[in-house]
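Observations on the three-dimensional arrangement
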Amino acid sequence: QVQLIEAGGGVVQAGDSLRPSCGVSGHTSLSNYVMAWFRQGPGTEREFLAAINWSVGSTYVADSVKDRFTISRDKAKNTVYLQMNNLKPEDAARYYCAARDGGLRVGASDYPYWGQGTQVTVSS
């Protein structure tokens, strides 16, 4: 069973940065996997943020955050990161890591594996 564990959320001031991480375990191989970050605020659906192909490191970032967010992975540590710069109050949400065995997708329903999320609060 693939397990994803997020960490690194917190309470920050507007303009600050955070770099939550997602550790993956329970897998046999991530060679065909895509890892992604989503977020969900109060009363909203899960929003796609960014995805990375595990093997080659190619990335795709949503237009809404591509000027501020960057996704990366450390293959030796089995960990994915989301670098978030210049955080704004509207970025406050629970941030989730997700994984799928196959090609890149942007819909939450396309990802069968999810972490529990890490909370991000941004104060103005």
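Presented here is a report on the structure given in the accompanying data block. These numbers come from a predicted model, not from an experiment.

1. Some remarks on the sheet that holds strand 8 (residues 79-84)
Spatially, the four strands line up as an open sheet ordered 1-3-8-7, and their pairing is antiparallel. With partners counted over all chains shown, the strands left at the sheet margins are strand 1 (3-7) and strand 7 (69-74), one partner each. Here the strands of the sheet are splayed against their neighbours by 20° on average, with no regard to which way each runs. Strand direction decides the pairing type here: strand 1 and strand 3 (residues 21-25), joined by five bridges, are antiparallel. Residue pairing across strands places Ala7 opposite Ser21, the latter belonging to strand 3.

2. Overview of the pattern of salt bridges
What the rule picks out here adds up to four salt bridges. Measuring nitrogen to oxygen at the nearest pair gives 2.9 Å for the salt bridge that ties Glu47 to Arg39. Taking relative accessible area as the criterion, Glu47 reaches 29% and is therefore assigned partly exposed. Residue classification places Arg39 among the buried positions, given a relative accessible area of 10%. Between Asp91 and Arg39 there is a salt bridge, and its shortest N-O distance comes to 2.8 Å. Here the residue Asp91 occupies a position in the loop between strand 8 and strand 9 (93-101), and Arg39 occupies one in strand 4 (residues 33-40), the gap between them amounting to 52 residues. By the burial criterion, Asp91 is buried, and Arg39 matches it. One continuous salt-bridge network, built from bridges that share partners, spans Arg39, Glu47, Arg68 and Asp91.

3. A closer look at the environment of Asn86
By secondary structure assignment, the location of Asn86 is in the loop between strand 8 and strand 9. On a C-alpha basis, the gap between Asn86 and Gln13 in space is 9.3 Å, while along the polypeptide they are 73 residues apart. When near neighbours in sequence (up to four residues on either side) are disregarded, Asn86 contacts Gly15, Asp16, Ser17, Arg68 and Asp91.

4. What about the side chain of Glu6?
Within the secondary structure, Glu6 is located in strand 1. Among buried charged residues, Glu6 stands out as having no salt bridge; its nearest opposite-charge side chain is Arg94, 6.6 Å away. Reaching out from Glu6, the side chain makes a polar contact with the backbone nitrogen of Cys97 at a distance of 2.7 Å.

5. Structural notes on the state of the cysteines
Taken as a whole, this structure holds one disulfide when the rule is applied. Between the sulfur of Cys22 and that of Cys97 lies a disulfide, 2.1 Å long from S to S. Linking Cys22 and Cys97, the disulfide has an S-S dihedral of approximately -75° and is accordingly described as left-handed. Note that Cys22 is positioned in strand 3 and Cys97 in strand 9, a separation of 75 residues in sequence. A single burial state applies to Cys22 and to Cys97, both of which are buried.

So, how was this worked out
Residues numbered from 1 in each chain as written. Predicted model: local features only at pLDDT ≥ 70, side-chain atom pairs only at ≥ 80, totals over all residues. Heavy atoms only, no water. Pairing = 2+ DSSP bridges. Helix = DSSP H or I, 4+ residues; strand = E, 2+ residues; numbered from the N terminus. Axes fitted to C-alpha atoms, helices over the stretch in contact; angles between N-to-C directions. Salt bridge = Lys/Arg side-chain N within 4 Å of Asp/Glu carboxyl O. Buried < 20%, exposed > 50% of the residue type's maximum accessible area, 1.4 Å probe, protein only. Contact = heavy atoms within 4.5 Å. Lys, Arg positive; Asp, Glu negative; His and termini not counted. Polar contact = N/O pair within 3.5 Å; in protein donor to acceptor, adjacent residues only side chain to side chain. Disulfide = S-S within 2.5 Å.

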